[in-house]
Amino acid sequence: MPPTTANPSARQTELLEAAYRYALTHGLADLSLRPLAEAVGSSTRVLMFLFGSKEQLVRALLERARTDELELLNSLRQADGPHGLAAAAEQVWSWLAAAEHRPLLRLWAEAYARSLVEPGGPWAGFARATVDDWLDVLAACQPRQERDAADGLIRRTATLALLRGALLDLLATDDEPRLNAAVHRQLALLRHEEPGTA
């Protein structure tokens, strides 16, 4: 049976959600099917039947994590969403810094790093895809004249670098006050440099 289908069964969806909750707590690096199956109330045989292989199950879990990330990004695309990089970055940082998102973001950081050092397997393309996702949504938040200007890509790349760097520091240290101050200082500079504010 294929690991994923256009219309997964209710049991496959239920087990994927349970496995995702397990991965948020335990990570993916040392994922072992037997403890996972026991934790989600299933068996390794059923997991293999529904997902095809451990690698395909990990892919499904990474896609599930990406769905949560894209939910945030898609909210920024709404008509009443932030306009300008500084406003978008402020909203993104507020979400990234929220303590309840740490498990997801630790899983994201693990998958991102594995994608860089082990470019094959279930991690393949994960890091690149998330960079593209974030640059795309930041572009959508820029006014057209800024987005299409020569340095529009440079500005959104710098904004993404700020957010990603601060996120990794936050995950390593949990020093939210220090990082909030640093991010807000840089966002104030970014806001000052936005077209039409000089």
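Quick summary incoming for the structure in this document. Model, not experiment: these values are computed from the prediction. Along each chain, numbering runs from 1 in the same order as the chain's sequence is written. Owing to the predicted nature of the model, reporting of local features is limited to residues with pLDDT of at least 70; listing and counting of side-chain atom pairs is limited to 80 or more, with chain, interface and lining totals taken over all residues. Side-chain measures here rest on the full set of heavy atoms in the structure, leaving out hydrogens and waters.

1. Considerations on the overall build of the protein chain
Counting from the N terminus, the helices are the DSSP runs of H or I reaching at least four residues and the strands are the DSSP runs of E reaching at least two. Per the secondary structure count, the protein chain includes 10 helices and zero strands. Scanning the protein chain from its N terminus toward the C terminus, one meets helices and strands in the order α-α-α-α-α-α-α-α-α-α. Seen along its three principal axes, the alpha-carbon backbone of the protein chain occupies a region of about 65 × 35 × 30 Å. Burial here depends on accessible area, computed with a 1.4 Å probe over protein chains only, as a share of the maximum for the residue type. Under 20% is buried, over 50% is exposed, and the range in between is partly exposed. Expressed as a percentage of the 198 residues in the protein chain, the buried residues total 43%. Pairs at least 24 residues apart make up 66% of the contacts formed inside the protein chain by residues separated by at least 6 positions. Should any heavy atoms of two residues lie within 4.5 Å, those residues are considered in contact.

2. Notes on the packing of aromatic side chains
Note on aromatic pairs: the rings of Phe, Tyr and Trp (six-membered ring only in Trp) are paired at centre separations within 6.5 Å, and the planes decide the class, stacked below 30 degrees, edge-to-face beyond 60, tilted for the rest. The final tally for this structure, using the stated rule, is one aromatic pair. Summarising the aromatic geometry, the rings of Trp 108 and Tyr 112 are spaced 4.9 Å apart at their centres and angled 35° between planes, so their arrangement reads as tilted. Pair noted here: Trp 108 and Tyr 112 are both in helix H6 (residues 102-117), with a separation of four residues, about one helical turn.

3. What to know about the packing of helix H4 (residues 54-76) against helix H5 (residues 85-97)
Axis angles are defined between N-to-C directions and span 0 to 180 degrees, where every axis is a line fitted to C-alpha atoms and, for a helix, only to the segment in contact. Running from N to C, H4 and H5 cross one another at 155°; their axes reach a closest spacing of 11 Å. As far as their axial angle goes, H5 and H4 are roughly antiparallel. The way H4 lies across H5 gives a crossing that is right-handed. Mapping the contact onto sequence places Leu 72, Ser 75 and Leu 76 in H4 and Gln 91, Val 92 and Trp 95 in H5. Only Asp, Glu, Lys and Arg are considered charged in this grouping, and only Ala, Val, Leu, Ile, Met, Phe, Trp, Tyr, Cys and Pro are considered nonpolar; every other residue, Gly among them, is considered polar. Tallied by class, the residues present in the contact of H4 with H5 amount to four nonpolar, two polar and no charged. An angle below 35 degrees is treated as roughly parallel, one above 145 as roughly antiparallel, one from 65 to 115 as roughly perpendicular, and anything else as oblique. Handedness of each helix crossing follows the sense of rotation of the near helix against the far helix: counterclockwise by less than a right angle gives left-handed, clockwise gives right-handed.

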